[in-house]
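# Close look at the chain arrangement
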Amino acid sequence: MKKFVSPVRRFAAVVAAVAMITSADSVVFSQTAPVAKPSEESTAAYTSVLMGTESPVSVSQLLAEAVKGNPDLRREGIAYESAKAQVWAAKGQFDVTLLSDATYSQTVTPQLQRNPVNMDDDLVRVTAKAITGNLAVARQLETGGNIRVGLNASDTSGSGVFLCGALGDCRVYSTRMNLVFTHPLLRGFGNEVMTANLRRRRIQVDLAALNRQARALVVTRDLLMGYWELAFASRNLDIAKSAVALARKQLEATRAQIDVGRLAPIDAAAVERAIGDRTREVVAADQTVLFRSMDLARLMGRKSEPSFNRMIAADSPEATPHPVDLGVEVNAALANNPQLKSLRGG
């Protein structure tokens, strides 16, 4: 036989169970550890700049400084100037050459016998002082020959029968001009053979100019790509900083609601965690800006210094779409690309 339970007792048992559950939940919540509030100094330290100061730079300033300081461009410029100097050296092969020399000589032939009639007659004694000068102009011809025009002059003074033709002192002058022309008949004959070195040097100048142009295009491309990456990194850093600022405002609003009892203290933990995540994003974005600045500084040829100033892009990228004709672009590249010109030239 079932035991009868009155409805009043059943209602009392339900109320007692609900009271026990409520009291247990209050115990659990009361035992929850309070969340530590981050200080303003710690959050400000997270968002501080990694190193150095910021230095805004524009595209024109970037290119102007790279033209003067980029190591690759300077090396190609030196190679170009060296090739031009080699052309001048090759042209020197056909320069006019001036030749000159001067000679002074004194000759004394002692007396070997005397005239028995006249003891003062020196038959074989000769005393002579001579000054001789030579002046010539020579040039190698482009056809392989050589031409030379020379002038010889001498002044001799002395005494003696053999020098003067009679007794006593005399002075003898002589002047002579000569023209010498030599030319090969087989080996080394012709303009192509003699000017081969000059043509080769001129081709080297053209190749050096094309190599410098190709290097300038590569450096310009790297500079522009690095600059727009820096602009993107700078904007990304600004967005990350604004996200941290918004998260801080949200934390202040959450704390205000906690103070009036509309939210529990544990609700501030989610906002503080969001601030930590945004702060890490700020540090990562700041590091990216630093790396992009170092890449641009290397391309610009700046010296490495301990106090490095981070660059900030002063110009904003603007994309202007234009129609592209594949055939026209390929033909223009084949006709104007300096690397292809260099291959065709050498």
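Let me sum up the structure you'll find in this document.

Conventions adopted
- Residues numbered from 1 in each chain as written.
- Predicted model: local features only at pLDDT ≥ 70, side-chain atom pairs only at ≥ 80, totals over all residues.
- Heavy atoms only, no water.
- Phe/Tyr/Trp six-rings, centres within 6.5 Å; stacked < 30°, edge-to-face > 60°.
- Buried < 20%, exposed > 50% of the residue type's maximum accessible area, 1.4 Å probe, protein only.
- Lys NZ or Arg CZ within 6 Å of the ring centre and 35° of its normal.
- Patch = residues over 30% accessible without salt bridge, like charges linked within 9 Å, V, L, I, M, F, W, Y side chains within 5 Å.
- Areas by Shrake-Rupley, 256 points an atom, 1.4 Å probe, with all protein chains shown as cover.
- Salt bridge = Lys/Arg side-chain N within 4 Å of Asp/Glu carboxyl O.
- Helix = DSSP H or I, 4+ residues; strand = E, 2+ residues; numbered from the N terminus.
- Core = buried A, V, L, I, M, F, W, Y, C linked by side-chain atoms within 4.5 Å.
- Contact = heavy atoms within 4.5 Å.

This part is about the packing of aromatic side chains. According to the stated counting rule, one finds one aromatic pair in the structure shown. Aromatic pair tyrosine 227 and tryptophan 228: ring centres 5.1 Å apart, planes at 75 degrees, arrangement edge-to-face. Residue class for tyrosine 227 comes out buried when judged on its relative accessible area of 0%. Note that lysine 91 overlies the ring of tryptophan 88, its terminal NZ or CZ placed 4.8 Å from the centroid. The ring centre of tyrosine 80 lies 4.4 Å from the NZ or CZ of arginine 212, which sits over that ring.

Taken together, the side chains of Val96, Leu98, Leu135, Val137, Ile147, Val149, Leu151, Met177, Leu179 and Phe181 define a hydrophobic patch exposed on the protein surface, amounting to about 950 Å² of accessible area. Of all the elements in the fold, those that place two or more residues in the nonpolar patch are β2 (96-109), β3 (126-140), β4 (146-159) and β5 (169-182). Residue position: valine 149 is located in strand β4.

Moving on to the nonpolar core. The biggest cluster of nonpolar side chains holds 26 residues, and the ones touching the most others in it are Leu62, Leu223, Tyr227, Leu230, Val289, Leu296 and Met311. Put simply, the parts of the chain that give this core at least two residues each are α3 (59-69), α7 (196-259), α8 (267-300) and β6 (310-313). Element by element, the count of residues in this core is highest for α7, at nine residues. The contacts of leucine 223, once residues within four sequence positions are left out, are Leu62, Leu63, Ala66, Leu296, Leu299 and Met300. Counting seven residues, the second-largest nonpolar core is a separate cluster that includes Tyr80, Ala83, Ala90 and Leu198.

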